[in-house]
Amino acid sequence: MKRVWCLYRVSKKQQVSADEDIPMQKNACYEFVKNKPDWTITNELYEKGVSGWKKSLNERDEMAILKEGALNKEFDVLLVFMFDRLGRREDETPVMVNFLIQNGIEVWSVKEGQRKIESHVDKLLNYISFWQSDGESQKTSIRVKEAKKQLSEQGYFQGGTAPFGYKIIETNQQHWKYKDRRIKELVPDEVESQMIKLIYHLYVDKLMGYRKITDYLNAHGFRTRDGKEFVISTIKRILENPIYIGRKRYKTAT
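Residues numbered from 1 in each chain as written. Predicted model: local features only at pLDDT ≥ 70, side-chain atom pairs only at ≥ 80, totals over all residues. Heavy atoms only, no water.

(A) Quick peek at the overall build of the protein chain. Counting secondary structure elements, the protein chain contains seven helices and seven strands. Scored against the burial criterion, the 254 residues of the protein chain give a buried share of 39%. Put simply, of all contacts in the protein chain between residues at least 6 apart along the chain, 64% involve residues at least 24 apart. For the protein chain, the computed accessible surface area is about 15100 Å², with 49% contributed by carbon and sulfur atoms. (Helix = DSSP H or I, 4+ residues; strand = E, 2+ residues; numbered from the N terminus. Buried < 20%, exposed > 50% of the residue type's maximum accessible area, 1.4 Å probe, protein only. Contact = heavy atoms within 4.5 Å. Areas by Shrake-Rupley, 256 points an atom, 1.4 Å probe, with all protein chains shown as cover.)

Given below as structure tokens:
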């Protein structure tokens, strides 16, 4: 009887209980094993919210378990729903497949069959397969970043803490990716925006430096969002933030 280990992985935590998620992969693997009378599932490994492209194999705990299990002859077959569940990095995943096979482990996918390394052609096909997965991940990453960048430029909020002078509100527009959410945007905060105007007035019209502006605000009773006195670094950060002159930015500090 061949001992089978199954690996299930989703790259986003939101996928754990949604369509195309771990339960689907698990059901497919169990159905596949039903047609293999000499196979029995003895272990299941779960990777929830783990990217097979952004994270290297050395950063994934389940990969270490697989390697140790293979070396200790604890299983005979590794079964995944699709081979990209094993990983998407062209420089690492084929190496992992080779390692498992060289240690006597059969590597199978429900949708793509068995991976082999018996010939040079087999090795080339393995590399091409994961090279394609790597490329798909890179293209997806580019599309996501561009979509978020454009939304940010349109005023929609992409996460984090609202910069001083602004607050976050939820719009009626459906989120472009998560259908159960609404897009958020930044709007001026009535109280904090007045302090922003004062800071710029002191800097531009009164020619005050960071320290003098800080002293002025504290002396006149102005306080930060947390109720604390202003410090020089806060004033510097405000005056250097392009959002106050109408320029949105994505993936940088505000």
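(B) Main features of the packing of aromatic side chains. Taken as a whole and assessed by the stated rule, the structure comprises seven aromatic pairs. For the ring pair phenylalanine 32 and tryptophan 39, a centre distance of 6.0 Å and an interplane angle of 55° mean the geometry is tilted. Taken individually, phenylalanine 32 and tryptophan 39 each receive the classification buried, so the pair is uniform in this respect. With a centroid separation of 6.1 Å and an interplanar angle of 50°, the aromatic rings of phenylalanine 32 and tryptophan 108 are classed as tilted. Linking phenylalanine 32 in helix H1 (residues 22-34) with tryptophan 108 in strand S4 (residues 106-109), this pair joins segments that are 76 residues apart in sequence. An aromatic cluster of at least three residues, connected via ring pairs, comprises Phe32, Trp39 and Trp108. Over the aromatic face of tryptophan 39 sits the side chain of lysine 36, whose NZ or CZ is 5.3 Å from the ring centroid. The ring centre of tyrosine 46 lies 5.8 Å from the NZ or CZ of lysine 48, which sits over that ring. (Phe/Tyr/Trp six-rings, centres within 6.5 Å; stacked < 30°, edge-to-face > 60°. Lys NZ or Arg CZ within 6 Å of the ring centre and 35° of its normal.)

(C) Local environment of the nonpolar core. Leu7, Met63, Leu66, Phe75, Leu78, Leu86 and Leu100 are the most contacted members of the largest nonpolar core, which has 18 residues in total. Take this core: its biggest share by element is four residues, from helix H3 (residues 93-102). Excluding its chain neighbours within four sequence positions, the residues that come into contact with methionine 63 are Leu7, Glu47, Leu57, Leu86 and Met96. Within the second largest apolar cluster, 17 residues are counted, among which are Leu186, Ile196, Ile213 and Leu239. (Core = buried A, V, L, I, M, F, W, Y, C linked by side-chain atoms within 4.5 Å.)

(D) Fine view of the packing of helix H2 (residues 61-71) against H3. H3 packs onto H2 with a crossing angle of 25° between their chain directions and a minimal axis gap of 9 Å. On the basis of their axis angle, the class for H2 and H3 is roughly parallel. Viewed along their axes, H2 and H3 form a crossing whose handedness is left-handed. The residues of H3 that touch H2, namely those facing Met63, Leu66, Lys67, Ala70 and Leu71, are Met96, Phe99 and Leu100. Grouping the amino acids of the contact of H2 with H3 by side-chain chemistry returns seven nonpolar, no polar and one charged. (Axes fitted to C-alpha atoms, helices over the stretch in contact; angles between N-to-C directions. Parallel < 35°, antiparallel > 145°, perpendicular 65-115°, else oblique. Left-handed = near helix turned anticlockwise from the far one by under 90°. Nonpolar A, V, L, I, M, F, W, Y, C, P; charged D, E, K, R; others polar.)

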